Amino acid sequence: MDKKPEEPPEGVSRRHFLKGAGAAAAAVSVAQLPSEVQGSNGTEDEPTILGPGPVPIQLRINGVDGQTEAAPSTTLLDLLRDHQGLTGAKRVCDRGSCGACTVLLDGRTVDSCSMLAIDAVGSEITTVEGIGTPENLSDLQQAFIEKDALQCGFCTPGMVVSCTALLKENPSPDREQIRRGISGNICRCGTYQNIIEAVEHVSRKGGK
Amino acid sequence: MAEEITIKVGFGDHFRDLTVRLQDGDIAPWQPDQQLDVVGKRLPRLDAVAKVTGTAKFAQDQNPAGMIHGRILRSPHPNADIRSVDLSAAKAMPGVRAVLTVPEVFEDSSARFAGAEIAAIAADTEQQADAAMRAIQVEYDIKDFCVTIDTSMEDGAPQVGRGDQKNVQRVSPRSRGRRRGGNANPGADQQVLDRMAAREKEVSALLAASDVVVEGTFRTQVQTHAPFETHGAVCSWEDGQLVCWASTQATFGFRGELTSNWGQVKASECRVLSEYVGGGFGSKFSAGREGVIGALLAKEAGVPVKMMLDRSGEQTSAGNRPDALQKMRMGVNKDGVIQALQIRSWGTPGSGTGGAGAHNDGIYKLGEVDKVEYGVRTNCGGARAHRAPGWPQGSFALEQMMDMAAHSLDGIDPIEFRKKNDDHPIRVAEYDIAKERIGWNKARVRGGASNICTGVGIASNLWFSAGGGGASALVRISKDGSVEIRNGAQDIGTGTRTVMGMVAAEELGIPLDMVSTRIGDTNDPQGPMSGGSTTIGTLTPAARLAAHYAKKELLAVVADRKGWDPTDLDIRKARVIRNDGSDTGLSFHDACQLMDDDAIEVLKARPRRNYAGFSDTNAGVQAAEVEVDMETGVVRVKKVVAVADAGKLINPMTAESQVRGGVIQGVSYALTERRIMDRHKGRMLNDDLENYKILGSLDCPEIDVVLVDVYNGKSNTQVMGLGEPPIVATAAAVANAVADAIGTRVFEIPITPKKVLEAIASKKAPDPGGKKKGARL
Amino acid sequence: MKPFKVAIPKSVEQASRFQKSDDSPFIAGGTDLLARIKEYVVQPETIVDLKRIEGMTGITSTDDGIRIGALTTMNEVATDGSVTDDYPALSETIMNAATPQIRNMATIGGNICQKPRCWYLRHEGYSCAKNGGSGCWAREGENEFHAIFDNQVCAVTSPSNVAPVLVAYSALIEIQGGEEKREIPAEDFFITPDQDPGREVLLEPGEVVISIHLPAKNRTKKWSYTEAREKQSFDWAQASVTMLYDRGGRKGDHRVVLGAVSPAPLRRDDLEKILKSGSLDDAMIKKLQMKIGDGSHPLSQNGYKVPMLRGLIAQGVRNISGRKEG
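Residues numbered from 1 in each chain as written. Chains lettered and ligands numbered in written order. Predicted model: local features only at pLDDT ≥ 70, side-chain atom pairs only at ≥ 80, totals over all residues. Heavy atoms only, no water.

## Description of the sheet that holds strand β1 (residues 48-50) of chain A
Put simply, the rule reads: By this definition, two strands are paired if DSSP reports at least two bridges between them. Comment: elements are numbered from the N terminus, with helices defined as DSSP H or I runs of at least four residues and strands as E runs of at least two. Any two residues whose heavy atoms approach within 4.5 Å at even a single point are treated as in contact. In this description, a line fitted to the C-alpha atoms serves as the axis of each element, helices being fitted only across the stretch in contact, and the angle between N-to-C directions of two axes falls anywhere from 0 to 180 degrees.
Read across the open sheet, the four strands follow the order β1(A)-β1(C)-β3(C)-β2(C); overall the sheet is mixed. In this open sheet, the two strands that pair with only one neighbour each are β1 of chain A together with β2 (26-27) of chain C. One ladder, built from two bridges, connects β2 of chain C with strand β3 (residues 46-49) of chain C; its direction is parallel. Following the sheet pairing, I27 of chain C is matched in β3 of chain C by D49 of chain C. Where helix α1 (residues 12-22) of chain C meets the sheet, its contacts fall on β1 of chain A together with β1 (5-8), β2 and β3 of chain C, and the angle it forms with β3 of chain C comes to roughly 160°.

Take a look at the structure:
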């Protein structure tokens, strides 16, 4: 068995030759994703190729349409934090293990670190900033405050997003369902019980 | 001039009078019969709104204009010397603005763990920084390595350190004449060796004379802090002044490192900003190499640099709770009194020289103790203080010994046995609370048709967190009625900001929402680091004093304008009142309007010393209930009762959160967390949050917190911190509960399904023959 | 992460043709591939994003069962009424897997094609039989979570906990390469390292999983999926046992498939035969437990998986005997 330290395996090196026209067309087409791509299903010979440099990406975030330039390899999390200034979602594990980057994609929770921003084109993205503001807190955010469902606060935005989705799907979850609902969000400070109490509190009050 | 007063100290039914000579300018602690309006209330944290809306800006969230990104190249080798670092290719990469090497900056050419810093670069984008980092060429002189205690202790093991550093070195009793980081002076050390030999002889004799001797070997694992926000800072030089938005639990310490003449940065001025910190748990006291690197890269680049660790860097290089191997023998007499304890323990500080000790000879009256402790170097990331350093490891061993001793004395209940050997004035009352609330005497489920067995276990803790000198607070009452309190210390999630505000509000006689708080800025008055659970014990007496004297000044203004007697005035519920409680008709707001100046500002330091008080220590007892699947080995902790005291409780809600957090981290330590090192290449294989397993919501037990409010008289707020004590006993209580459930003991954490299945299998296997006198579960 | 290009094909044919010429990895949910790119374990110049291809999502009823589009998310599969009613073991196993977020992102096609979780394979700088080198680091290394069966060449475990359930239902994996489509039984789809150490599934260059077909004839109300792991919130199974009893109401048509103990789901026809030989009682449990470790070659740290499997199969038998008819 080979036990000597060695160089990492070579990455895929076979280049795919891009036709100039294809690349140029791509930059235009992405703004219209997905309709452009779906609309031309099967009619073109080659896939649309994006990147590796920045391309325009049009996203609907917290109810507002906007366009930004980013490499197609940009994750949704990095686009939100670095291009949109929405720093509520946090980069913690960056591998989909901890849930600190949770946002809603068409109402469902996703780890924004583990998907490409371009795959969110055409979807409704909701970040913690879109759930409530300091002046207009959601019932759940209010309950988090009252039940002290946070400590350092770094996992809190992700937790708020997960609990919001949970309550939307099931307005009166039992404890086990709440535990399951937040099982993709780790809290290092250990606020789980307070979070469960906050969700129960909202559920009892019939809020969201 | 020192004033002598008599105060009541104690708790519950245990109060007594105590005469206290107040230090200059200090004021009397709150008394049990005193009506308090803010202190003792369950109030939401002041930073909660910012945190639940995602508007709280942590260091990681700072993006000053022009900011670029730093990256640290780390050694892939666990034990190597750096021959050369060639930056030329990296420098030529797109977007690169600054580079440095560790051998040049830190004068350290050794990489003694996989993950050790080698060089750093800053580039316009993260991708460019990544690419440039990977273009750095390093030549290593690669050496053999040890990544576990056991391999490092073997004869002929590769040397972990450098020079004459030995892999295994006695750390307690301390060697005499020991050079820093080096070995003992043989001549001076002989005296210590002689004393150790005498001690060993004495304790061996006591053990031989004891009615029962139990012994055990216990292992605890390396636990990483894994704060959610990684270490690091965003560093910016503005007109020669260094500004760092840092993720730190010591703003002033961070600044001190960067301004020190002995440091690498030597900034003439430095401001550290840490309004929000995403956890620390003991790992963020130092600016660390990443902080220094960030500052230097920013200086070279001429633009702000974000230098936050990635998760792998965090897991490998930013500290951990060291592992421990503890061997114990305990002698007990039939009356249940412990006679003697012999301890040999080994722990690894990693590649550094940090502490590796297990606090395993405290908490109880243990008779005569013979303890020798060794530090064992390994080619792993260095240990750092981690939430109650040394205590959870020590408790894991000692508390199981306590149970084993109780079982070996026929008929003695583990709780009764502990009480017999415990004289803590608060804890003696806490046992019964834990016992009742966990259902100590209820019938256990014992397999049968089901595959589940249940068990309960108990363990104790102890802490010392009344704080001390080293904090000042500034209170400003403005003419418009607004009130601000400032201290430059940080709040790492413990609720320091809120508690500071509550103490000031109480003293000023106004509700909390009338007080604004400013923290986490070294331009504000000196504050403590978040360490030793002493933050609020240190900070709040200063806050109360500053508020007290600001109020006095305000009342002096009122008395002057109104022609009233200033000694007859006070403020309560935002009204100016007389000593008999009657309202003067003047609101706090109106009182402020009477000022000539724009504001009253009072800066007060905390008295340097604490008073004798009721107890120097805060205690605690925890009981755990577990459910073990005997067929798969899966352990579920169903419930933990945590009885804790923390002096006078300022905010029971945030105090409860601290206890719950400690318990959860303790259960996580007991069941799932551990660093896994690869024997082949000496790297950490689980440098992530997937295979480094932190307890999640489905694993979290119900936690029943019982707080004992103690008027301990140690300071004018009588507060003791509560960050660390609640983690001390948890793993031990869980381990005792598992032993109760499965009828055999798992001597090593984490208690994984594998270890439970192995323990059950070895119980079923034929007994190799009782080798220990009276040693039973 | 090294920036890459993203190819967005409009059809499976296009994706297939492009990938075959270029050897670029496919991305669907992204939860597996992006992590490996971030770790520099793979450094593709281009990835082929399947997400925009139409007609590959959703669950449709067919004459002989259901067909699950490969891009259907794990959550959609697990909560679909036809799955929860007719293929409950599939729903159960998915709800035990990963996290709510990942189940919303990951696709079932991606799940069965994901790379193993071996920490050597997922760390840069460990070349082994699976990624172009030779040998296996885990066999003599840190192997607590590795395979105890079929581990001589490479000790990874199959990471998909859906895979054993698909094998138990005798699912068919529908594959398209170019314009050609074919169906492979799940049992043949997942392969072991001695068949080909570089692959975990029988996909040729350019081939895409387009759907999974669950045959109605193998439905049963007598089923069990049991697994054990260290942590209940997001963790990987250390061992699992899937049991289908009297499939399609056919007496004696049982399936026993072990998961997380071998590089591919491990169907155990020897245990199925034992199941056939008697009723679901304690004696049966004993017989199964005696046998379940047969053929295993535990490594230095993973011998516990044998008693763990014994526990899981006991629980499986009790689960099935406890389920009501119909």
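## Here we look at the packing of helix α5 (residues 156-169) of chain A against helix α7 (residues 192-205) of chain A
All names here are of chain A. Where we set the bar: The sense of a crossing depends on the near helix, which, turned anticlockwise from the far helix by less than a right angle, makes the crossing left-handed and, turned clockwise, makes it right-handed. Any residue that is not Ala, Val, Leu, Ile, Met, Phe, Trp, Tyr, Cys, Pro, Asp, Glu, Lys or Arg is counted as polar, Gly included; the first ten are nonpolar and the last four charged.
Between α5 and α7, whose axes approach to 11 Å, the crossing angle comes to 35°. As α5 runs across α7, the sense of the crossing is right-handed. Together, M159, C163, L166 and L167 of α5 and Y192, I195, V199, V202 and S203 of α7 make up the contact between the two elements. Its residues assigned to classes, the contact of α5 with α7 shows eight nonpolar, one polar and no charged.

## What to know about the interface of chain B and chain C
Which entries qualify depends on this criterion: Once two parts are joined, some of their accessible surface, as seen by a 1.4 Å probe, is lost; buried area is that loss totalled over both. Basic side-chain nitrogens of Lys or Arg form a salt bridge, by our definition, when they fall within 4 Å of a carboxyl oxygen of Asp or Glu. Polar contacts here mean pairs of N or O atoms no more than 3.5 Å apart (in protein, one a potential hydrogen donor and the other a potential acceptor; neighbouring residues in sequence count only if both atoms are side-chain atoms).
Taken residue by residue, the interface counts 36 residues in chain B and 36 residues in chain C. Between chain B and chain C, a total of about 3300 Å² is buried, with carbon and sulfur atoms accounting for 49% of that surface. In this assembly, chain B and chain C are joined by eight salt bridges. One salt bridge in this structure joins E124 of chain C and R134 of chain B, with 2.3 Å as the shortest N-O distance. Between chain B and chain C we count 26 residue pairs in polar contact (both at pLDDT 80 or more) in total. For the side of chain B that touches chain C, the leading source of residues is helix α19 (residues 753-764) of chain B, giving four residues. Classifying every residue of the side of chain B that touches chain C gives eleven nonpolar, nine polar and 16 charged.

## Regarding the domain arrangement of chain C
Residues and elements named next belong to chain C. Put simply, the test is: The source of the domain bounds is an automatic or database domain assignment.
Under the domain assignment, chain C is made up of domain 1 (59-113 + 158-218) and domain 2 (223-322). Centre-to-centre separation of domain 1 and domain 2, based on C-alpha positions: 20 Å. Counting from both sides, the interface comprises 24 residues of domain 1 and, opposite them, 22 residues of domain 2. Carbon and sulfur atoms supply 64% of the area buried between domain 1 and domain 2, which totals about 1900 Å² over both sides. Considering only the side of domain 1, the residues that lose the most area to domain 2 are S158, P164 and A168, jointly responsible for 25% of the buried surface there. One salt bridge connects E187 with R267, and the closest N-O pair in it is separated by 3.3 Å. At the level of elements, α5 (88-96) and α8 (163-168) are the ones that each hand at least two residues to the side of domain 1 that touches domain 2.

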